[in-house]
Amino acid sequence: SGLMAGKRGLIMGIANNRSIAWGIAKSCVAQGAELALTYQGDAFKKRVSPLAEELGAHLAGHCDVTDMDTLDAVFDGLKERWGKIDFVVHAIAFSDKDELDGRYVDTTRDNFLRTMDISAYSLTAVAKRAEPLMTDGGSILTLTYYGAEKVMPHYNVMGVAKAALEASVRYLAVDLGGKGIRVNAISAGPIKTLAASGIGDFRYILKWNEYNAPLKRTVSIDEVGDSGLYLLSDLSRGVTGEIHHVDSGYHVVG
Ligand code: 0WD
């Protein structure tokens, strides 16, 4: 029973138990969803396996979104196992740590392209493969950040990639809407995760949010998880192309 009873979905981007995708996974399973999880390489397999076990989730295999063969293998596997899927969570981003500091103007072409590939293009690659499996409609959810809308210190090329990601959400929503597939993003407030530890002065950003956000605190992965649950469930069946802020309200003042 629950809001997600009978729904099956893929969650991409769990690195450990602090990952935002882990918060979303827990909320979905608490409401009856059945999950498949990908991991990036053997190092993460070790960390993700016990987490998958904890949720009774299936390990869908290694996936590096820069390698289309690994993406194809994951979706082929799901087709074989389940025949169809109802939702996908894309919680993946990467940029060279050295460029999440200092000035945006100093970004190298190599890292610009790599950041765009992993953090923006990959959503489109995922959506393209999810579409034929979402035979009863579906919900695709990605994660973005306020640095897409406004300049945030040190977010640099990742802000540019998140802007492209948010535009992708809108174009994908139009392309897939006719099939009842919805595409949305959560713009999460800052949370201390592995990916966030690469951003210069991240502790200052957390403090700044605590002082200035309407709720006077930062958000947790459980809170992002519950908002994700809404966007993945039929509660949000009239919602697509939306960037939903789960940031203690920071975006109304920032
Ligand atoms: O404050 C934050 N933490 C926020 C994060 C605020 C707003 C948005 N976000 C976004 C991130 O940009 C990302 O899109 O949320 C998403 C999830 O990030 P997270 O939960 O903060 O970070 P983490 O737990 O590190 O998970 C991201 C994972 C990677 O972990 P690492 O630590 O290796 O970067 O993305 C995966 C990987 O597991 N990842 C990839 N997966 C497949 N192929 C790849 C890749 N090439 N690169 C990274």
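Thresholds, definitions, all that
- Residues numbered from 1 in each chain as written.
- Predicted model: local features only at pLDDT ≥ 70, side-chain atom pairs only at ≥ 80, totals over all residues.
- Heavy atoms only, no water.
- Near = heavy atom within 4 Å.
- Polar contact = N/O pair within 3.5 Å; in protein donor to acceptor, adjacent residues only side chain to side chain.
- Areas by Shrake-Rupley, 256 points an atom, 1.4 Å probe, with all protein chains shown as cover.
- Nonpolar A, V, L, I, M, F, W, Y, C, P; charged D, E, K, R; others polar.
- Buried < 20%, exposed > 50% of the residue type's maximum accessible area, 1.4 Å probe, protein only.
- Helix = DSSP H or I, 4+ residues; strand = E, 2+ residues; numbered from the N terminus.
- Arc of directions from axis to C-beta.
- Salt bridge = Lys/Arg side-chain N within 4 Å of Asp/Glu carboxyl O.

Novice: Honestly, the site of the ligand in this entry has me stumped. Any pointers?
Specialist: Taken together, 27 residues form the shell around the ligand, and within it Ser19, Ile20, Lys162, Ile191 and Thr193 come nearest. One of the backbone nitrogen or oxygen atoms of valine 65 is found 2.9 Å away from a nitrogen atom of the ligand. Here an oxygen atom of the ligand and a backbone polar atom of isoleucine 92 are 3.4 Å apart. For the ligand, the protein covers 92% of the area, taking 860 Å² as the surface of the free molecule. Classifying every residue of the shell around the ligand gives 19 nonpolar, 6 polar and 2 charged.

Novice: How should helix H1 (residues 20-30) be read in this particular structure?
Specialist: Residues separated by three or four positions in an α-helix point in the same direction, a consequence of the helix having 3.6 residues per turn. Across the 11 residues that make up H1, a large majority, 8, are buried. Listed in full, the buried residues belonging to H1 are Ile20, Ala21, Trp22, Gly23, Ile24, Ala25, Ser27 and Cys28. One or two residues past the end of H1 sits glycine 32, with phi positive at roughly 95 degrees.

Novice: Explanation requested: helix H6 (residues 202-212) in the structure shown.
Specialist: For H6, every residue scored as buried is listed here: Phe202, Ile205, Leu206 and Asn209. The buried side chains of H6 occupy one side of the element, clustering within an arc of 100 degrees when seen end-on. What points out from H6, more than 90 degrees from its buried face, is the exposed set Arg203 and Tyr211.

Novice: Would you mind showing me how to read the pattern of salt bridges here?
Specialist: Where charged atoms from two side chains of opposite charge approach closely, those side chains can pair. Counting across every chain of the model gives 10 salt bridges. Put simply, lysine 84 and aspartate 86 hold a salt bridge, and the shortest N to O gap is 3.0 Å. Given a relative accessible area of 10%, aspartate 86 falls into the buried group. We note a salt bridge from lysine 179 to glutamate 131, for which the minimum N-O separation is 2.7 Å. Of the two residues, lysine 179 is situated in the loop between helix H5 (156-177) and strand S6 (181-188) and glutamate 131 in the loop between helix H4 (109-130) and strand S5 (138-144); the sequence distance between them amounts to 48 residues. By relative accessible area, glutamate 131 is classed as partly exposed at 24%. Each of the salt bridges in this network shares a partner with another, and the network as a whole consists of Lys84, Asp86 and Asp136.

The analysis is restricted to geometry; functional conclusions fall outside its scope.
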